[in-house]
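# Close look at the chain arrangement
These are the residues of each chain, in order.
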Amino acid sequence: FPSHDRTREHDIQEVKALLPGGNCHIFWSEEGGGEVHRIWDTLFLFEIPQYGGEGRFAQAFRLDEAEKLVDLARTWT
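Residues numbered from 1 in each chain as written. Predicted model: local features only at pLDDT ≥ 70, side-chain atom pairs only at ≥ 80, totals over all residues. Heavy atoms only, no water.

### Quick notes on the environment of Thr 7
This is how the line gets drawn: By the criteria applied, helices consist of DSSP H or I runs no shorter than four residues and strands consist of E runs no shorter than two, each listed in order from the N terminus. Within 3.5 Å is the distance limit for a polar contact, defined as a pair of N or O atoms, with the added protein rule that one can donate a hydrogen and the other accept it, and that residues adjacent in sequence qualify only through two side-chain atoms.
By secondary structure assignment, the location of Thr 7 is in the segment before helix H1 (8-16). For Thr 7, the side chain forms a polar contact with the main-chain nitrogen of His 10, separated by 3.1 Å.

### Regarding the nonpolar core
Heads up, the rule is: We call a set of buried Ala, Val, Leu, Ile, Met, Phe, Trp, Tyr and Cys residues a nonpolar core when their side-chain atoms join them within 4.5 Å. Under the scheme applied here, a residue whose accessible area is under 20% of the maximum for its type counts as buried, over 50% as exposed, and between as partly exposed, the area being computed with a 1.4 Å probe on protein chains only. The contact rule is simple, with two residues in contact once any of their heavy atoms fall within 4.5 Å.
Core analysis: the largest hydrophobic core is formed by 14 residues, its most contacted members being Val 15, Ile 26, Val 36, Leu 43, Leu 45 and Leu 69. When residues of this core are traced back to their parent elements, those giving at least two are H1, strand E1 (23-29), strand E3 (42-48) and helix H2 (66-73). Looking at this core element by element, the count peaks at four residues for H2. When sequence neighbours within four positions are dropped, the list of residues in contact with Val 36 reads Val 15, Leu 18, Gly 22, Asn 23, Cys 24, Ile 26, Leu 43, Phe 44, Leu 45 and Leu 69.

### Brief notes about the packing of aromatic side chains
In this description, a pair of aromatic rings is defined by centroid distance and the angle of the planes. To keep things clear, this is the line we draw: Paired rings are identified among Phe, Tyr and Trp, the last through its six-membered ring, by centres lying within 6.5 Å, and are further divided according to the angle between planes into stacked (under 30 degrees), edge-to-face (over 60) and tilted (the rest).
According to the stated counting rule, one finds two aromatic pairs in the structure shown. Centroid distance Phe 44 to Phe 57: 6.3 Å. Interplanar angle 50°. Geometry classified as tilted. Placement of the pair is Phe 44 in strand E3 and Phe 57 in strand E4 (residues 56-62), with a sequence separation of 13 residues. Taking 5.7 Å as the distance between ring centres and 70° as the angle between the ring planes, the aromatic pair formed by Phe 46 and Phe 57 counts as edge-to-face. Of this pair, Phe 46 sits in strand E3 while Phe 57 sits in strand E4; the two residues are eleven residues apart in sequence, bridging distant segments of the chain. Using a relative accessible area of 48% as the deciding quantity, one classes Phe 57 as partly exposed. Feature note: the residues Phe 44, Phe 46 and Phe 57 constitute an aromatic cluster, connected by ring pairs.

Here you go:
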């Protein structure tokens, strides 16, 4: 999985590169992080709790809101 060492810009580019039906992890560490799913033209962000487990839906974003999505995930500790 990705790590917290990755930059904000790298996470944004990974989200923007998602194809419909794709997913990725952002701002990831042993404390959990964000899981992003692209369904059609919408990005769905889930917060994955510490040590994994069931993700919790956080928010849906338009494709042009990748920066806002990443910024929200990076507020989680």
